[in-house]
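Chains, contacts and geometry: an overview
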Amino acid sequence: MISNPIKPGHTFSGWQDVFSVMPASDVEINGYFTINKYRVTFKDIHGEVIYSEEVNWNHPATSITAPVEEGYDFIAFDKDISKITSDLEVN
């Protein structure tokens with residue numbers, strides 16, 4: 001039995017054209033992968049969700065408009081959103 005191949009940031013989805021009987025000539029069988037998706041959730045100063053999206057592995061999250069909170073100056077979000085590789089909560 002052939003073990004499933006591994007590809008970073010992807011889930012193995014299966015083999016193309018797997019034969020139940022050995023073919024009479026050489027064949028190439030390709031594996032298929034599905035890119036992993038991760039949830040990025042932006043929260044405000046009170047912990048309330050202001051935006052959430054699903055992002056493909058190693059892609060950037062959408063840069064959102066800075067939240068407005070009376071009496072506070074927005075400086076930055078607390079996480080890098082340029083390459084998403086897992087679920088992420090951004091404050």
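See above for the structure.
Scoring rules and cut-offs
- Residues numbered from 1 in each chain as written.
- Predicted model: local features only at pLDDT ≥ 70, side-chain atom pairs only at ≥ 80, totals over all residues.
- Heavy atoms only, no water.
- Helix = DSSP H or I, 4+ residues; strand = E, 2+ residues; numbered from the N terminus.
- Pairing = 2+ DSSP bridges.
- Axes fitted to C-alpha atoms, helices over the stretch in contact; angles between N-to-C directions.
- Buried < 20%, exposed > 50% of the residue type's maximum accessible area, 1.4 Å probe, protein only.
- Phe/Tyr/Trp six-rings, centres within 6.5 Å; stacked < 30°, edge-to-face > 60°.
- Patch = residues over 30% accessible without salt bridge, like charges linked within 9 Å, V, L, I, M, F, W, Y side chains within 5 Å.
- Areas by Shrake-Rupley, 256 points an atom, 1.4 Å probe, with all protein chains shown as cover.
- Salt bridge = Lys/Arg side-chain N within 4 Å of Asp/Glu carboxyl O.

Description of unusual backbone geometry
The phi dihedral of Asn 58 falls on the positive side, at around 65°, and the residue is not glycine. Mapped onto the fold, Asn 58 is located in the loop between strand E4 (49-56) and strand E5 (88-90).

Some words on the pairing of E4
Within a regular strand, the side chains alternate between the two sheet faces. Bridge count between strand E3 (residues 37-43) and E4: seven bridges; the pairing is antiparallel. The partner of Val 40 across the bridge, within E4, is Glu 53. The loop that links E3 with its antiparallel partner E4 comprises five residues; one of these, Gly 47, has a positive phi angle of about 85°.

Observations concerning the sheet that holds E4
Strands sit in the order E4-E3-E5 across an open sheet of three strands; the sheet is mixed. Whereas interior strands pair on both sides, the edge strands pair on one side only; in this sheet they are E4 and E5. Taken over all neighbouring pairs, the strand axes of this sheet differ in orientation by 20° on average, direction set aside. Pairing analysis gives three bridges linking E3 to E5, with the strands arranged parallel. Residue pairing across strands places Thr 41 opposite Glu 89, the latter belonging to E5.

Regarding the environment of Ser 86
Tracing the sequence through the fold places Ser 86 in the loop between E4 and E5. The exposure class of Ser 86 is partly exposed, given its relative accessible area of 37%.

Overview of the packing of aromatic side chains
Taken as a whole, this structure holds five aromatic pairs when the rule is applied. Ring centres 6.1 Å apart and planes at 45° place the aromatic pair Phe 42 and Tyr 51 in the tilted group. Put simply, the rings of Phe 42, Tyr 51, Phe 74 and Phe 77 pair up and form one aromatic cluster.

Overview of a nonpolar patch on the surface
A cluster of nonpolar side chains, Ile 2, Trp 15, Val 18, Phe 19, Val 27 and Ile 29, forms an exposed patch at the surface whose accessible area comes to about 570 Å². Residue placement: Phe 19 occurs in the loop between strand E1 (10-15) and strand E2 (31-35).

Comments concerning the environment of Gln 16
Turning to its location among the elements, Gln 16 is positioned in the loop between E1 and E2. Put simply, Gln 16 and Tyr 32 are 16 residues apart on the chain and 7.2 Å apart in space, counted from C-alpha to C-alpha.

Geometric descriptors of this kind do not, in isolation, establish any biological role.
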